[in-house]
Amino acid sequence: MNRILIIALVLLAPLSLAAQKVEQIVEAYRQKIQATINSTDVQNIYMEGDMCFNELCFPAKLYSQQPKAMRIELAFQNITFIQITNDSLTWEYNPLTKVNKLERLKSGDTGKNKKDNNTFNYASNDLANYKTLGYHVKLLEKKKLDSLETFVVELVKSAKDKSKYYINTSSYLINKIEDKEGSWFFASYKKFDAIYFPMLSQQQGSNDFIMKFKTVKLNQEFSDTLFTIPAIAYANSLKGTSKKSSFEYYFEKAEAHYDAGRADSAVAFYDKAIRLNKESEGAYNKRGLSKIDLGDYYGAIGDFNHALEINASSASAYNNRGLAKYYLNDQASAIVDYNKALQLDKTMAVTYQNRGLSYTRLEKYDEAIRDFDEIIRLKPTSGINYFNKAVCLAELEKYDEAISHYNLSLKNNYRSDEVYNYKGVSFYQLEQYDSAIQNFSTAIKANTKNLTYFENRGRSYYAKEKYKEAIADFERGLKLDDKNSGLYNMIGLSEYFMDNHKAAIKLYTKAIELNPKEAVYFDNRAAAKESLDDYVGAILDYDESIKLYPNDASVFYKRGLVKIYSSKKYEGCLDLATANEMKYEDAKEAILKNCN
């Protein structure tokens, strides 16, 4: 559990900004903290809201018994994760894995580290007591945090022990703290019995963590049992027996390997954990996810089935089983599992995302958009979902709306090169080729190893009849993949329209060598040969094209004209008649002109 910093402050009149000294700033801050210390009215604090870890939010309740203990409850699918901290111990209970984790606080913990573990009273922090604790303070600058004007005060004891405090120039409330563990942001202060609490706190560091509180109540009656660590926790965690024989040991090892991207070794440790506890829904779920990473989708489904046998109400297991089916391209069955997961927990944002992707695979773009809209409502800063919605809008040929959503995905920090490429495609479809080229160029600048970006920019230059620029991009693509028949074909087309017909024929021939099953390459080479009056060669290429794709009326039409040009009028008119029967628009007029 991340350390929790909650500031309880009393507002005083701000200092004049005329000639600020760091000592004055800290003293004003300390006086506010001191006012809180001197108040003996607040003994218990109850806070309710949401805690979010890496964009996944859980309803949370926090109970603080000043200054002795704290209890945190996180709700997830009708089960509750618990942490209790007192003067000497921290206990965590995970009901999914049935793991009790009990740790002793280090006897040397002082100052903010110990205080932050078991109380919301922020009065004893290092800044307020910097002289006593041997720190030095320095006013670095004034700086804006969004629209907030702050003093940046540095607190230093040594090169390894220093931090920065961003103190609001008007309220003298802290808006930000930076230290070696990361950054904390504080906002939306509200007043409760003359004490101010930040209703929004966000930590950025090793793990992103946000607290959004809706309710704060002071001096609620708490039962002492709320803060009692159960006896079983001591028996399981502090009895001194070998940890290496326990389920918890192997489960934690598996978690560490999975988080490090080593899914194969994670499975091995989950195997050992499950042998010791065959009733752990969490272990089966996590092993299934590891198997997904390894491409063992059927094995993963087996694990999720085991998890559901243990807990038939596990929304996570249904979601994860749906994900495995997604990778097996069984989209209809995946959607059934996602529906069940959302019946159990309508707040599972990831399931809306997964179901939306399955609908996208099924080309049910309207249904996919509804799911992406729902996850955007739940997680409005999730860039990937604006991107996913934009892709669906583009498939529905709503290119202007797609471009708007690609911009929103960029604003919310989704992969810039991929987004710029897709946005470029939408501009291309709108025939706004300059904008398309600009976006493809931005994608290329971010990632010079993606062949598609060069090809797309090349096609945009080609559409603008800038054939030399198009060839340059197609050739850069060939440096990344010299077996790409499509690029040889596109260079051939560019040479053809610059009247370099012999060069075009060589390039089409290379494309055909690499992919002799593509009818259009024969069509293009036939056109180049026709331009050089090689009617026999052109007819042979059209013959091959018709063998590969006999339903293209335009090829019968073209072959018919070439036969007529080469004095094979009867055969040519038969081809034109075939094209006319296939409803080719220009065939009837050609028959009237050439076949009477």
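Up top is the structure these notes are about.
Calculation rules
- Residues numbered from 1 in each chain as written.
- Predicted model: local features only at pLDDT ≥ 70, side-chain atom pairs only at ≥ 80, totals over all residues.
- Heavy atoms only, no water.
- Helix = DSSP H or I, 4+ residues; strand = E, 2+ residues; numbered from the N terminus.
- Expected span 1.5 Å × (residues − 1).
- Buried < 20%, exposed > 50% of the residue type's maximum accessible area, 1.4 Å probe, protein only.
- Arc of directions from axis to C-beta.
- Contact = heavy atoms within 4.5 Å.
- Salt bridge = Lys/Arg side-chain N within 4 Å of Asp/Glu carboxyl O.
- Phe/Tyr/Trp six-rings, centres within 6.5 Å; stacked < 30°, edge-to-face > 60°.

(A) Broad picture of helix α17 (residues 467-480). The end-to-end C-alpha separation of α17 is 20 Å, in line with the 20 Å expected for 14 residues at 1.5 Å each. Looking only at α17, the buried set comprises Tyr-467, Ala-470, Ile-471, Asp-473, Phe-474, Gly-477 and Leu-478. For α17, the arc enclosing every buried residue in end-on projection is 165°, short of the 170-degree limit, so these residues lie on one face. In α17, the exposed positions angled more than 90 degrees off the buried face are occupied by Lys-468 and Lys-479. Each element contacted by the buried residues of α17 is listed here: α16 (451-463) and α18 (485-497).

(B) Spotlight on the pattern of salt bridges. A complete count under the given rule lists 22 salt bridges for this structure. Residue Lys-176 pairs with Glu-178 through a salt bridge whose shortest N-O separation is 2.7 Å. Relative accessible area serves as the criterion here: at 21%, Glu-178 is assigned to the partly exposed category. For Lys-291, the salt bridge is made with Asp-303, and the minimal N-O distance between the two is 3.1 Å. With Lys-291 in helix α6 (residues 281-293) and Asp-303 in helix α7 (residues 297-310), this residue pair connects regions lying 12 residues apart in the sequence. Taken individually, Lys-291 and Asp-303 each receive the classification buried, so the pair is uniform in this respect. A single network of salt bridges, built from pairs that share partners, joins Asp-543, Arg-559, Lys-563, Glu-571 and Asp-575.

(C) Quick look at the packing of aromatic side chains. Evaluation of the coordinates by the stated rule reveals 18 aromatic pairs. Consider the rings of Tyr-46 and Tyr-63, whose centres lie 5.2 Å apart with planes at 50°: the pair is tilted. Highlighted residues: Tyr-46 in strand β1 (residues 44-53) and Tyr-63 in strand β2 (residues 56-65), separated in sequence by 17 residues. Judged by its relative accessible area of 11%, Tyr-63 is buried. Ring geometry for Tyr-406 versus Tyr-422: centroids 6.3 Å apart, planes at 45°, classification tilted.

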